[in-house]
Amino acid sequence: MQVVYEDNHIIIVAKTSGEIVQGDKTGDTPLSELVKQYIKEKYQKPGEVFLGVVHRLDRPVSGLVVFARTSKALARLNRMFAEGEVHKTYWAIVKNRPEQPEGTLTHWLVRNEKQNKSYAYDTEKPNSKKAILKYRMIGSSDYYTLLEIQLLTGRHHQIRCQLAKMGCPIKGDLKYGAPRSNPDGSISLLSRRVEFIHPVSKEQIVVEAPLPDDNLWKALKPQDS
């Protein structure tokens, strides 16, 4: 992980693929514990360090994760995420080029807990949740396309599922139709940018994640970023 922003109330880190945000049944050390350790050591804090988890990223995804350092920030960030006041931009390397260079995707997603997978439908189904995202093409090569994605809803595996439904599975994402995995087990999806009004100071916060250390990301990225 890499710390990209911190103050008294929030800390934003760029996670690498493979890190889990919160503890799960694997028993692997989660990102939240690594961040607590970082705060404890840097500020020489005695006792337990407070850290609030306000959102998650799938394990194979890299990029920005926002944590709260105070209970006041946690309560406000939880509300801001719920009400869509935190704007997240993702970059995804996909196989196949979309028919349109930009557009809005609207589907109804049904989550299968047993498979840990979501299925996208064009019409509403029982137990489905509406999922909306906007995408635009910002780079391409002979085999791959780089998409910039704005999430308008936050559903389970939403970007992975909706892009696959469009016929553009994310590179390395075997679960959603990619032909082969990435060597490091990642999928080529990056939480690239977060923008929000600081929950306490009310300043505008805009933070970008570094690109993964991978030649394809570097080759596809627009010149001005």
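Report on the accompanying structure. Just so you know, these numbers come straight off a predicted model, no measurement behind them.

**Remarks on unusual backbone geometry**
A positive phi angle, near 65 degrees, is found at Asn-127, a position not held by glycine. According to the relative accessible area criterion, Asn-127 is exposed, its value standing at 74%. Non-glycine residue Lys-202 carries a positive phi angle of around 70 degrees. Considering the arrangement of structural elements, one finds Lys-202 in the loop between strand 10 (189–197) and strand 11 (204–208).

**A short note on the pairing of strand 5 (residues 87–95)**
Burial of strand 5 is extensive: seven of the nine residues sit out of reach of the surface. Pairing geometry for strand 5 and strand 10, over six bridges, is antiparallel. Across the sheet, Tyr-90 pairs through a bridge with Ser-191, a residue of strand 10. Where strand 5 and strand 9 (residues 144–151) come together, seven bridges link them in antiparallel fashion. By the bridge assignment for strand 9, Thr-89 is matched with Gln-150.

**Some remarks on the packing of aromatic side chains**
A full pass over the atoms with the stated rule returns zero aromatic pairs. The positively charged end of Lys-117 is found above the aromatic ring belonging to Tyr-176, 5.5 Å away from the centroid. Residue placement shows Lys-171 over the ring face of Tyr-144; its charged tip is 5.8 Å from the ring centre.

**Some points on helix 2 (residues 71–82)**
Between its first and last C-alpha, helix 2 extends 17 Å over twelve residues, near the 16 Å set by a 1.5 Å rise per residue. Of all the residues in helix 2, the buried ones are Ala-73, Leu-74, Leu-77, Met-80 and Phe-81. Projected onto a plane normal to the axis of helix 2, the buried residues spread over an arc of 130 degrees and lie on a single side. Across from the buried face of helix 2, at angles greater than 90 degrees, the exposed residues are Ser-71 and Ala-82. Those residues of helix 2 that are buried lie in contact with strand 2 (10–15), strand 3 (52–53), strand 4 (62–68), strand 5 and strand 10. Positioned one or two residues after helix 2, Gly-84 has a phi angle of 75 degrees, which is positive.

**Side note on the environment of Asp-214**
One can find Asp-214 in the loop between strand 11 and helix 4 (215–220). Within the structure, the side chain of Asp-214 is placed 2.9 Å from the backbone nitrogen of Leu-216, a separation counted as a polar contact.

**Quick look at the pattern of salt bridges**
Evaluated as defined, the whole model comprises 14 salt bridges. Residue Glu-33 pairs with Lys-36 through a salt bridge whose shortest N-O separation is 3.6 Å. One end of the pair, Glu-33, and the other, Lys-36, are both in helix 1 (residues 31–42), three residues apart, so they sit about a helical turn from each other. Look at Glu-33 and you get partly exposed, because its relative accessible area is 38%. A salt bridge links Asp-58 to Arg-160, with the nearest nitrogen and oxygen atoms 3.1 Å apart. Here the residue Asp-58 occupies a position in the loop between strand 3 and strand 4, and Arg-160 occupies one in helix 3 (residues 158–165), the gap between them amounting to 102 residues. In this structure Arg-160 comes out as buried when scored by relative accessible area, which is 6%.

Parameters and conventions
Residues numbered from 1 in each chain as written. Predicted model: local features only at pLDDT ≥ 70, side-chain atom pairs only at ≥ 80, totals over all residues. Heavy atoms only, no water. Buried < 20%, exposed > 50% of the residue type's maximum accessible area, 1.4 Å probe, protein only. Helix = DSSP H or I, 4+ residues; strand = E, 2+ residues; numbered from the N terminus. Pairing = 2+ DSSP bridges. Phe/Tyr/Trp six-rings, centres within 6.5 Å; stacked < 30°, edge-to-face > 60°. Lys NZ or Arg CZ within 6 Å of the ring centre and 35° of its normal. Expected span 1.5 Å × (residues − 1). Arc of directions from axis to C-beta. Contact = heavy atoms within 4.5 Å. Polar contact = N/O pair within 3.5 Å; in protein donor to acceptor, adjacent residues only side chain to side chain. Salt bridge = Lys/Arg side-chain N within 4 Å of Asp/Glu carboxyl O.

Remember that the coordinates give geometry; whether it matters functionally is a separate question.
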